[in-house]
Amino acid sequence: MDPHQHSPESSSEECTVLEVPPPGRNACPQHAGKVAEVYCSSCECVLCEECVKEHDQQHEQQPLQLILEQQRSVLQGQQGAAHSRLPEISDALSFVREILHQLTNQRASIDEDIQSSFEDLHKQLDVRKSVLLMELEVTYGLKQKVLQAQVQSLVLGEGALSASLSQAEEALSGEACAAGLPAEQQLQQRLGDLTGLRLTCEPQENDQLDLILETDGMRKSIHNLGTIVTTSAVASQSEAMGAGLEQCIVGHPASVTIVTRDKSGGACKSGNAIMSAEVFTPDGSIVDGEILDLKNGTYEFVYTVPKEGDFSLALRLYDQHIKGSPFRLTVNKFLEADVEVSPSTTTATNSAAYATPSTGSSEGAKRRGKSPGQKKKGSKRASSALGTPRRKTQNPIEDDLIFRIGSKGRNKGEFTNLQGVAASSSGRILIADSNNQCVQIFSNEGEFKSRFGVRGRSPGQLQRPTGVAVHPTGDIIIADYDNKWVSIFSSEGKYKTKLGSGRLMGPKGVTVDQEGHVIVVDNKACTVFIFQLTGKLVSKFGSRGNGDKQFAGPHFAAVNKNNEIIVTDFHNHSVKVFTPEGELVMKFGSNGEGNGQFNAPTGVAVDVNGNIIVADWGNSRIQVFDGSGSFLSYINTSADPLYGPQGLALTSDGHVVVADSGNHCFKVYRYLQ
């Protein structure tokens, strides 16, 4: 029935229909059927007409509709802010999940390393146990054989003499007679022979069998064997300071101190955090540098800028920018006035808005940068930024650029901070494309063949590949600076294993000796490690310093026909040659721009005649030395100058291939051996 119709039994009074406001829409909670039209800000409640009469008139009252509109506007604004915030939270969630995933993977990897390492130790102990037991049995057997032979000899002598003595006693106990004379004479002869028998009565051996097993030192070593390394440092709280953020002069080292802090802003007290630092121009050109771990939660980044201009300094902790990074640098150079110079200072400003280019690369295919130290045949070399006089020199090796490959980018045949170079006997050129986290492979003619590599911190992934080499088995060996290990891939790029995890701090260069051992140059530890391909450590040598057997940021290595290891000592501006045991054979080079001098050497290779080819990073040139370290010549690169060359190698057809990092390409030159 219609609710507005009267039932036959209803009275006229009962038939009156009241207009009741829709449930919940401005209804007064105190008076049924009344509509709230006023809002009391003091009490934060709605009021109808009746409520207003009863309410405290001193309270602030406003029209409810106005309050509703204001509230709706505020809510919509907050909704917009929340919508804007949601992508940031979603991105953060994805990133934190990725970190958690990497943490889980790293845990699994370390678990595997611990299991395999201790299984190997168990095997070694079992082998040593078997060897000791075998030595015991062999030693016992030899001594026992000597003593047993002596025992048998003495037993026979004792028996024969005892029997003859018994016969003599029996003969003497009877009466002497002519019939017994022959027997007594025979017995006398036998006793004489036995008495004079030469039996060795002194022991022919001793009973010493001792075990010297010095287990105290081993127990102590086992007790301290292995350390789980981590920090609580986070990038958002960590900060940088120092003169390197305030002053930078061309050709002079600048220093920045990074202080790591935890999520609450507390200073971290231990080292080993994964820190990276890069100085680069707006077009992406990379400037090399070195991070020193002070082991107290602080780090020092030392870098040298080779030219003036605008630069960015990016400081990252666990791949995230620290506070204020990237920093904007304006670098000035000395002013030339004969041989005297006056430095110009520069300031660095925090510029989060300063566009961060992709590190280590630019459109180098069209760019031609001036390369200090370059010269054309028969011409005077350009003066240096420091105004050092140059002598007129001739280049006896007439090598020319054959081709160049690459420009800034992330596609095939493009590079972002290429570093190491290797060449295989099968006619392939391999490039460690550091900031693209991959290795690219080309033919000797420069034709792109393939690439492999996935960014990450799990086994089989690449975080910062800096060195590459090819093993005689065909396996590809990659030094991963940020992952602190060396990865082994098949010739097709399939991951096989890793080595050096837990030992390496910052592997930069890698090569292979004539015995198939993997030589790793640890830039951070200033140490050269020698591994078997299985990962077993053969030996190591070197420490931080400027002594003959010390390094300061070593970069790459090569091996000559004598199986000697040739190492470029970056900050000591020299090249050093060692035996596989780590004994210094010779060293050559000093800081400068003259023939045979270096301004931070990087790549190195050896030709079939034993000549040593060195990439001179700061002087942007390639020098050639004989096997004794005497300067021979330059590779003629004047047609297309280098800018900050890194790794180099000799191709299977005898040419020189070099990673021209500053020009974001690799170049192949004719080389007359």
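Please refer to the structure placed before this passage.
Owing to the predicted nature of the structure, the values given are computational and were not obtained by experimental measurement.

**Q** I'm lost on the pattern of salt bridges in this one. Help?
**A** As enumerated under the stated definition, the model contains 18 salt bridges in all. One salt bridge connects Arg-261 with Glu-239, and the closest N-O pair in it is separated by 3.0 Å. Placement of the pair is Arg-261 in strand β5 (residues 253-261) and Glu-239 in strand β4 (residues 234-241), with a sequence separation of 22 residues. Arg-261 gets classed as partly exposed once you look at its relative accessible area, which sits at 21%. One salt bridge connects Asp-293 with Lys-295, and the closest N-O pair in it is separated by 3.6 Å. Residue classification places Lys-295 among the partly exposed positions, given a relative accessible area of 42%. Within the structure, one salt-bridge network assembled from shared partners comprises Arg-404, Asp-640, Asp-660 and Lys-667.

**Q** Would you explain the pairing of strand β20 (residues 448-452) in this entry?
**A** Strand residues, when the strand is regular, have side chains that alternate between the two faces of the sheet. Judged from the 4 bridges that link them, strand β19 (residues 438-443) and β20 form a sheet pairing that is antiparallel. Each residue of the ladder has a partner; that of Ile-441, found in β20, is Ser-450. Hairpin connection between β19 and β20: a loop of 4 residues separates the two successive antiparallel strands, and Gly-446 in this loop has a positive phi of roughly 95°.

**Q** Sorry if this is basic, but what is going on with the sheet that holds strand β33 (residues 601-606) here?
**A** Consider a sheet: its strands pair through backbone hydrogen bonds, and that pairing is either parallel or antiparallel. Here we have 4 strands laid out as an open sheet, ordered β33-β34-β35-β36, and antiparallel in their pairing. Looking at the sheet topology across the chains shown, the edges are occupied by β33 and β36 (631-634). The average undirected angle you get between the axes of adjacent strands in this sheet is 25°. Inspection of the sheet shows strand β34 (residues 612-616) paired to strand β35 (residues 621-625) by 5 bridges, in the antiparallel sense. Looking across to β35, one finds that Ala-615 is bridged to Ile-622.

**Q** In this structure, what is going on with the packing of aromatic side chains? I would like to understand it.
**A** Pairs of aromatic rings are described using the distance from one ring centre to the other and the angle between the two planes. With the rule as written, the count across this model stands at 16 aromatic pairs. Their ring planes at 45° and their centres at 5.5 Å tell us that Phe-598 and Phe-625 sit as a pair that is tilted. Linking Phe-598 in the loop between β32 (584-588) and β33 with Phe-625 in strand β35, this pair joins segments that are 27 residues apart in sequence. We note that Phe-598, like Phe-625, is buried. Chaining the aromatic ring pairs together yields one cluster made of Phe-588, Phe-598, Phe-625, Phe-631 and Tyr-634. Lying over the aromatic face of Tyr-481, Arg-464 brings its terminal NZ or CZ to 4.9 Å of the ring centre. Its guanidinium or amino end placed over the ring of Trp-485, Lys-498 lies 4.8 Å from that ring's centre, counting from NZ or CZ.

**Q** How do you make sense of the pairing of strand β27 (residues 527-531) when you look at a structure like this?
**A** With respect to burial, β27 is a largely interior element, 5 of its 5 residues being buried. Burial along β27 is two-sided: the residues Thr-527, Phe-529 and Phe-531 and Val-528 and Ile-530 are all buried. Bridge analysis of strand β26 (residues 518-522) against β27 gives 5 bridges, and the strand direction is antiparallel. Residue pairing in the sheet places Asp-522 in a bridge with Thr-527 of β27. In this structure, the hairpin formed by β26 and β27 is closed by a connection of 4 residues, where Cys-526 is found at a positive phi of approximately 55°. In this sheet, strand β28 (residues 537-541) lies alongside β27 in antiparallel orientation, the contact comprising 4 bridges. The residue of β28 that forms the bridge with Phe-529 is Lys-540. Between β27 and β28, which follow one another and run antiparallel, lie 5 residues, and Gly-535 among them has a positive phi close to 105°.

**Q** What should I look at first to understand the nonpolar core in this one?
**A** Across soluble globular proteins, nonpolar side chains have a tendency to be buried as a group. Formed by 31 residues in total, the largest nonpolar core has its most connected members in Ala-240, Ile-258, Val-279, Phe-301, Tyr-303, Leu-313 and Leu-315. Where this core is concerned, the elements lending two or more residues are β4, β5, β6 (275-280), β9 (298-304), β10 (309-317) and β12 (327-331). Beyond its immediate sequence surroundings of up to four residues, Ala-240 is in contact with Leu-245, Val-256, Thr-257, Ile-258, Leu-315, Ile-322 and Phe-327.

**Q** How should the packing of helix α2 (residues 64-173) against helix α3 (residues 181-195) be read in this particular structure?
**A** When two helices pack together, their arrangement is given by the angle between the helix axes and the distance between those axes. Running from N to C, α2 and α3 cross one another at 150°; their axes reach a closest spacing of 10 Å. Judged by the twist between their axes, the crossing of α2 over α3 is left-handed. Residues Ala-160, Leu-161, Ser-164, Leu-165, Gln-167, Ala-168 and Ala-171 of α2 form the contact with α3, whose own contacting residues are Glu-184, Leu-187, Arg-190, Leu-191, Leu-194 and Thr-195. A per-class count over the contact of α2 with α3 returns 8 nonpolar, 3 polar and 2 charged.

Rules used in this analysis
Residues numbered from 1 in each chain as written. Predicted model: local features only at pLDDT ≥ 70, side-chain atom pairs only at ≥ 80, totals over all residues. Heavy atoms only, no water. Salt bridge = Lys/Arg side-chain N within 4 Å of Asp/Glu carboxyl O. Helix = DSSP H or I, 4+ residues; strand = E, 2+ residues; numbered from the N terminus. Buried < 20%, exposed > 50% of the residue type's maximum accessible area, 1.4 Å probe, protein only. Pairing = 2+ DSSP bridges. Axes fitted to C-alpha atoms, helices over the stretch in contact; angles between N-to-C directions. Phe/Tyr/Trp six-rings, centres within 6.5 Å; stacked < 30°, edge-to-face > 60°. Lys NZ or Arg CZ within 6 Å of the ring centre and 35° of its normal. Core = buried A, V, L, I, M, F, W, Y, C linked by side-chain atoms within 4.5 Å. Contact = heavy atoms within 4.5 Å. Left-handed = near helix turned anticlockwise from the far one by under 90°. Nonpolar A, V, L, I, M, F, W, Y, C, P; charged D, E, K, R; others polar.

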